[in-house]
Amino acid sequence: MASFDLPRRLVAEALGTAMLVATVVGSGIMAASLTADTGLALLGNTLATGAMLVVLITVFGPISGAHFNPAVSLVFAMSRTLAKRDLSGYVAAQIVGGIVGTVIAHLMFALPIVELSSKVRTGDAQWFSEGVATFGLVAIILAGIRFEQKAVPWLVGLYITAAYWFTASTSFANPAVALARSLTDTFSGIRPIDLPGFWIAEISGAVAALLLFSWLLQPGASSTLSSEAKL
């Protein structure tokens, strides 16, 4: 990532986030148009999103780190993997990219360019689910980078595929994507008024994962001493 300058990294973040949101929104529209079965529609939405994440992280990871997520960028800035001066640029690129992704999906399906969502997603269970979903996402990323970096695209794609189904909120786990999804009154939408609860839960889950895994992924002092003694 260090070999690419900031403008290229920001374009990669914006483009990747746009493609991710276009997939989330577009596959939701397609699924809902093909079946009245909500479960089957969600399955279609899930598989498309998980598959696209694998592709996007593989392609854009070497350029920008493939965050596509303000919560992930915040975690990397806090852990000094991303320069703090670059954080605002990453977040702005992700937000703009997400909005563009919704517009692209709407244009592909001949819908209004922007249409505020009326889909209710609120309450303690939804917020807790978002905290859990984002905690798990960040945990998977941090542990994946530590132990099996080449597998991170698959780990994230598979995690989100599973989290669509084990969380009550269908695992947004991304403040920029949540904002973009508030601009579509389709299958994957969320009311704009419900966004603050999601954002707070997502950031809280991400920071909690960073705090725990910063400790968990470091060898303990006793283990280090034992290894030195064997030498």
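Residues numbered from 1 in each chain as written. Predicted model: local features only at pLDDT ≥ 70, side-chain atom pairs only at ≥ 80, totals over all residues. Heavy atoms only, no water.

K.L.:
Is there a simple way to explain the overall build of the chain in this structure?
P.N.:
Secondary structure assignment for the chain yields nine helices and zero strands. For the chain, the N- to C-terminal ordering of α and β elements is α-α-α-α-α-α-α-α-α. Principal axes of the C-alpha set define a box for the chain whose edges measure 65 × 40 × 30 Å. The buried share of the chain, taken over its 231 residues, is 48%. Across the chain, contacts joining residues at least 24 apart in sequence account for 78% of those joining residues at least 6 apart. When the accessible surface of the chain is summed, it comes to about 11100 Å², and 71% of that surface belongs to carbon and sulfur atoms. Treating the 12 positive side-chain charges of the chain as one cloud and the 12 negative ones as another, the clouds have centres 9 Å apart. (Helix = DSSP H or I, 4+ residues; strand = E, 2+ residues; numbered from the N terminus. Buried < 20%, exposed > 50% of the residue type's maximum accessible area, 1.4 Å probe, protein only. Contact = heavy atoms within 4.5 Å. Areas by Shrake-Rupley, 256 points an atom, 1.4 Å probe, with all protein chains shown as cover. Lys, Arg positive; Asp, Glu negative; His and termini not counted. Charge placed at Lys NZ, Arg CZ, Asp CG, Glu CD.)

K.L.:
Can you help me understand the packing of helix α1 (residues 6–34) against helix α2 (residues 38–64) in this one?
P.N.:
Think of two packed helices as two axes; the pair is described by the angle between the axes and how far apart they sit. Across the interface, α1 lies against α2 with an axial gap of 8 Å and an inter-helix angle of 170 degrees. What the angle tells us is that α1 and α2 run roughly antiparallel. (Axes fitted to C-alpha atoms, helices over the stretch in contact; angles between N-to-C directions. Parallel < 35°, antiparallel > 145°, perpendicular 65-115°, else oblique.)

K.L.:
Is there a simple way to think about the environment of Ala32 in this case?
P.N.:
On the secondary structure map, Ala32 appears in helix α1. For the pair formed by Ala32 and Leu42, sequence separation is ten residues and the distance between their alpha carbons is 8.5 Å. If near-sequence neighbours (up to four positions away) are discounted, Ala32 is found in contact with Ala41 and Phe187.

K.L.:
Sorry if this is basic, but what is going on with the side chain of Ser129 here?
P.N.:
Considering the arrangement of structural elements, one finds Ser129 in helix α5 (residues 124–147). Ignoring anything within four residues of it in the chain, the contact list for Ser129 reads Thr167, Ala168 and Ser169.

K.L.:
Quick question: what am I supposed to make of a nonpolar patch on the surface here?
P.N.:
A contiguous nonpolar patch, built from Leu40, Leu43, Leu47 and Trp165 and spanning about 390 Å² of accessible area, is present on the exposed surface. Counting residues per element, the nonpolar patch draws most heavily on α2, at three residues. If you trace the backbone, Leu47 turns up in helix α2. (Patch = residues over 30% accessible without salt bridge, like charges linked within 9 Å, V, L, I, M, F, W, Y side chains within 5 Å. Salt bridge = Lys/Arg side-chain N within 4 Å of Asp/Glu carboxyl O.)

K.L.:
Mind showing me how you'd approach the packing of α5 against helix α8 (residues 195–216) here?
P.N.:
One way to put it is that α5 packs onto α8 with a least axis distance of 7 Å and a crossing angle of 35 degrees. Between α5 and α8 the crossing geometry is right-handed. Contact with α5, carried on its side by Gln126, Trp127, Glu130, Gly131, Thr134, Phe135, Val138, Ala139, Leu142 and Ala143, involves Gly197, Phe198, Ala201, Glu202, Gly205, Ala206, Ala208, Ala209, Leu210, Leu212 and Phe213 of α8 and no other residues of that element. Of the residues assigned to the contact of α5 with α8, the class counts are 14 nonpolar, five polar and two charged. (Left-handed = near helix turned anticlockwise from the far one by under 90°. Nonpolar A, V, L, I, M, F, W, Y, C, P; charged D, E, K, R; others polar.)

K.L.:
I'm lost on the environment of Trp165 in this one. Help?
P.N.:
With respect to the secondary-structure elements, Trp165 resides in helix α6 (residues 152–166). Here Trp165 falls in the partly exposed class, since its relative accessible area comes to 44%. The spatial distance from the C-alpha of Trp165 to the C-alpha of Arg121 is 15 Å, given a sequence separation of 44 residues.

K.L.:
Hey, could you run me through the nonpolar core in this one?
P.N.:
Side chains that are nonpolar tend, in soluble globular proteins, to be buried together. If you look at the biggest cluster of nonpolar residues, it comprises 46 residues, and the most contacted ones within it are Leu20, Phe68, Leu137, Leu142, Val156 and Ile160. Those elements that provide at least two residues to this core are α1, α2, α3 (70–78), α4 (84–108), α5, α6, α7 (175–181) and α8. Those residues in contact with Leu20 that lie beyond four places of it in its chain are Thr49, Leu53, Leu56, Phe68 and Val177. Grouped together as the second largest cluster of nonpolar side chains are five residues, Phe172, Ile190, Leu195 and Phe198 included. (Core = buried A, V, L, I, M, F, W, Y, C linked by side-chain atoms within 4.5 Å.)

Taken by themselves, the reported measurements are silent on function.
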